[in-house]
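Structure assessment
Take a look at the letters that make up each chain.
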Amino acid sequence: MTCDEAKILLHALLDNELDAGHDREVEAHIAACPACAAEFAAQREMKRVLADTNLRYSAPASLRTRIEASIPQARPQPSRRSVLRGFAMGSAVSALAASGVVAVVLRQDDQQRILSEVVSAHLRSLQAGHLIDVVSTDQHTVKPWFNGKLDVAPPVIDLTAQGFTLVGGRLDYIDARAIGAVVYKRRQHIINLFVSQTASTEHRPPKTQTMQGFNCRRWGERGLNFWAISDIGGDELSEFVDKFEAAMKANVEG
């Protein structure tokens, strides 16, 4: 196993996500390679620091208000016959309503968990030697590099003329699966654009969230999920996303 191969799998080893065969291979490489051993130790320390950080998400009070407002007000006690007649229908409707409320809460929690993983992946990439697997400012070099490594290669667009320099790409892991990361620079600031495949083909407009001092702008388009994350200002990150979307649309239409 080479250092490049091991570095891709270090964080998976740290999270106990490797099968027994790959686990032994990576551990054997770490035992014989001081550089990868140091990298693994740094990732383990970062995981410890992140574990000590309060990332708990508390639902807003407005959610409780909306749920309470959706509950029907008490009505006069119905007759026994009407209760029996409406029991099956009422139970089904109540179950669906309850499932809907739970689904909303679970989706919110899931989004926060994935955002936390995106931030962690961005932090890992800033460590020495982990930012880029393929170094190139040429989109025609970066995009083919992903072929065969992922089910769907991420779109790679050169935005250098618009002030966002393409510097390369790499493989990363979000939500326990491999995804593509396309790397850009804005002056001395790194922008990671994570791209993963999704079953939904509907357009989801960009939404910006902030965590641990990083701005993250997420959107969905043509069966792909996108997360652009950086320490640049929210307005500049929005500009990056707008220019990326416009260029991607122009490429499709062209």
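The notes below deal with the structure included here. Everything numeric here is computed off the predicted structure, so don't read it as measured data.

The rules we used
- Residues numbered from 1 in each chain as written.
- Predicted model: local features only at pLDDT ≥ 70, side-chain atom pairs only at ≥ 80, totals over all residues.
- Heavy atoms only, no water.
- Salt bridge = Lys/Arg side-chain N within 4 Å of Asp/Glu carboxyl O.
- Helix = DSSP H or I, 4+ residues; strand = E, 2+ residues; numbered from the N terminus.
- Buried < 20%, exposed > 50% of the residue type's maximum accessible area, 1.4 Å probe, protein only.
- Pairing = 2+ DSSP bridges.
- Contact = heavy atoms within 4.5 Å.
- Axes fitted to C-alpha atoms, helices over the stretch in contact; angles between N-to-C directions.
- Polar contact = N/O pair within 3.5 Å; in protein donor to acceptor, adjacent residues only side chain to side chain.
- Phe/Tyr/Trp six-rings, centres within 6.5 Å; stacked < 30°, edge-to-face > 60°.
- Lys NZ or Arg CZ within 6 Å of the ring centre and 35° of its normal.

The subject of this paragraph is the pattern of salt bridges. According to the stated counting rule, one finds ten salt bridges in the structure shown. Close ionic contact of Arg186 with Glu236 constitutes a salt bridge, the shortest N to O distance being 3.0 Å. Of this pair, Arg186 sits in strand E3 (residues 177–186) while Glu236 sits in helix H7 (residues 234–253), and the two are 50 residues apart along the sequence. The two residues Arg186 and Glu236 agree in class, both being buried. In this structure, the salt-bridge partner of Arg222 is Glu221, at a minimum N-O distance of 3.7 Å. With a relative accessible area of 42%, Arg222 lands in the partly exposed category. Glu221 gets classed as buried once you look at its relative accessible area, which sits at 15%. One salt-bridge network, held together by shared partners, links Arg186, Arg187, Glu236, Glu239 and Lys243.

Spatial strand order, E1-E2-E3-E4-E7-E6-E5: seven strands in an open sheet with antiparallel pairing. Each edge of the open sheet is held by one strand with a lone partner, namely strand E1 (134–135) and strand E5 (204–211). The sheet strands contacting helix H6 (residues 139–146) are E1, strand E2 (165–174) and E3, and the helix crosses E2 at an angle near 15°.

Across residues other than glycine, the phi torsion is negative in most instances, and most of the peptide bonds are trans. The backbone phi angle of Asp175 is positive, close to 55°, even though this residue is not glycine. By the element assignment, Asp175 lies in the loop between E2 and E3. With a relative accessible area of 30%, Asp175 lands in the partly exposed category. One non-glycine residue with positive phi stands out, namely Gln212, at about 55°. Tracing the backbone shows Gln212 in the loop between E5 and strand E6 (214–221). Looking at Gln212, the relative accessible area reads 35%, which means it is partly exposed.

Another aspect to go through is the side chain of Arg124. Assignment of secondary structure puts Arg124 in helix H5 (residues 80–125). For Arg124, the side chain forms a polar contact with the side chain of Asp172, separated by 3.0 Å.

Our next topic: the packing of aromatic side chains. Taken as a whole and assessed by the stated rule, the structure comprises seven aromatic pairs. Consider the rings of Phe164 and Phe240, whose centres lie 5.3 Å apart with planes at 65°: the pair is edge-to-face. Of this pair, Phe164 sits in the loop between H6 and E2 while Phe240 is found in helix H7, placing the two residues 76 residues apart along the sequence. Geometrically, the ring pair formed by Tyr184 and Phe240 is edge-to-face, given 5.0 Å between the ring centres and 65° between the ring planes. Of this pair, Tyr184 sits in strand E3 while Phe240 sits in helix H7; the two residues are 56 residues apart in sequence, bridging distant segments of the chain. Exposure class is identical for Tyr184 and Phe240. Each is buried. One aromatic cluster in this structure is built from Phe164, Tyr184, Trp219, Phe226, Phe240 and Phe244. A cation sits over an aromatic face here: Lys149 above Trp145, 4.4 Å from the ring centre. Positioned above the aromatic ring of Phe164, the side-chain terminus of Arg186 is 4.3 Å from the ring centre.

So, to be careful, I would describe these as geometric facts and stop short of saying anything about function.
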